[in-house]
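Each chain is listed here by its residues.
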Amino acid sequence: DSGVTQTPKHLITATGQRVTLRCSPRSGDLSVYWYQQSLDQGLQFLIQYYNGEERAKGNILERFSAQQFPDLHSELNLSSLELGDSALYFCASGLGRDSYNEQFFGPGTRLTVL
Amino acid sequence: SQQGEEDPQALSIQEGENATMNCSYKTSINNLQWYRQNSGRGLVHLILIRSNEREKHSGRLRVTLDTSKKSSSLLITASRAADTASYFCANRGSTLGRLYFGRGTQLTVWP
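Presented here is an overview of the structure given in this document. Computed from a prediction, not measured in an experiment: that's the story for all the values here.

Bringing the pairing of strand β4 (residues 31-38) of chain A into the picture now. Residue and element names in this part refer to chain A. Among the eight residues of β4, eight are classified as buried, and the element is accordingly described as predominantly covered. In β4, alternate side chains face the same way, and those of Ser-31, Tyr-33, Tyr-35 and Gln-37 on one face and Val-32, Trp-34, Gln-36 and Ser-38 on the other are all buried. As consecutive antiparallel partners, β4 and strand β5 (residues 42-50) are separated by three residues. Of the pairings in the sheet, the one linking β4 to strand β9 (residues 87-94) comprises seven bridges and is antiparallel in character. In the strand pairing of β9, Tyr-33 is matched with Ala-92.

Given below as structure tokens:
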């Protein structure tokens, strides 16, 4: 158990809908990273928050947004969903601002868009 | 792209054999990390090697790093069926705050 929790485990929804994925980092970790894993794209970094502020941005679509709250949990919002958004979404947490040390991954949320 | 690449894409061996996976990356790095993922589950950190290190051991794992060739290898000795998983390398490249993951090596260890 990494200490990172993600909810929900599974999400099935229709195209055009909006969903929110939630992540609670490991106790003491200030950074939260979001990743998308799909068969064709592999593991893609989406965005990082450090202590409530956006720190780094990756291949995140404009339809997606995220935030980190004062209690350090984070939410990833996906809107106007398309079939191609079906994927595993992972969050990871880390102690520092940069990836100088390991990241601890949650179990993931499997999103299916029908 | 700073994404790394693992080789081979898939590896199938018998229990007790050694498994070697390679990783190449494109830019200068601060560190390189190896992760393991069981099917459909979260990634688990295995080992981190910094750019000024050449070799590191952790239990049955041995990682080497050759920064002149921009490559790393992960050796799992005396493999077990429970080692069956996908293995990813990730490098902390020049862009702050992110890791670049490869596509992974799918290792299958037969009992």
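Here the narrative resumes, following the displayed structure.
Here the focus is the interface of chain B and chain A. If you look at the interface, chain B gives 21 residues, while chain A gives 28 residues. Linking chain B with chain A are zero salt bridges, by the criterion used here. Where chain B touches chain A, the interface holds four residue pairs in polar contact (both at pLDDT 80 or more). When residues of the side of chain B that touches chain A are traced back to their parent elements, those giving at least two are β4 (31-37), β5 (43-50) and β9 (85-92) of chain B. For the side of chain B that touches chain A, a count of residues per class yields seven nonpolar, nine polar and five charged.

Below, the discussion takes up the state of the cysteines. Residue and element names in this part refer to chain A. On inspection of all chains with the given rule, the structure shows two disulfides over all chains. Between the sulfur atoms of Cys-23 and its disulfide mate Cys-91 the distance is 1.9 Å. A torsion of 70° about the S-S bond marks the disulfide between Cys-23 and Cys-91 as right-handed. Note that Cys-23 is positioned in strand β3 (residues 19-24) and Cys-91 in strand β9, a separation of 68 residues in sequence.

Analysis parameters
Residues numbered from 1 in each chain as written. Chains lettered and ligands numbered in written order. Predicted model: local features only at pLDDT ≥ 70, side-chain atom pairs only at ≥ 80, totals over all residues. Heavy atoms only, no water. Buried < 20%, exposed > 50% of the residue type's maximum accessible area, 1.4 Å probe, protein only. Helix = DSSP H or I, 4+ residues; strand = E, 2+ residues; numbered from the N terminus. Pairing = 2+ DSSP bridges. Contact = heavy atoms within 4.5 Å. Salt bridge = Lys/Arg side-chain N within 4 Å of Asp/Glu carboxyl O. Polar contact = N/O pair within 3.5 Å; in protein donor to acceptor, adjacent residues only side chain to side chain. Nonpolar A, V, L, I, M, F, W, Y, C, P; charged D, E, K, R; others polar. Disulfide = S-S within 2.5 Å.

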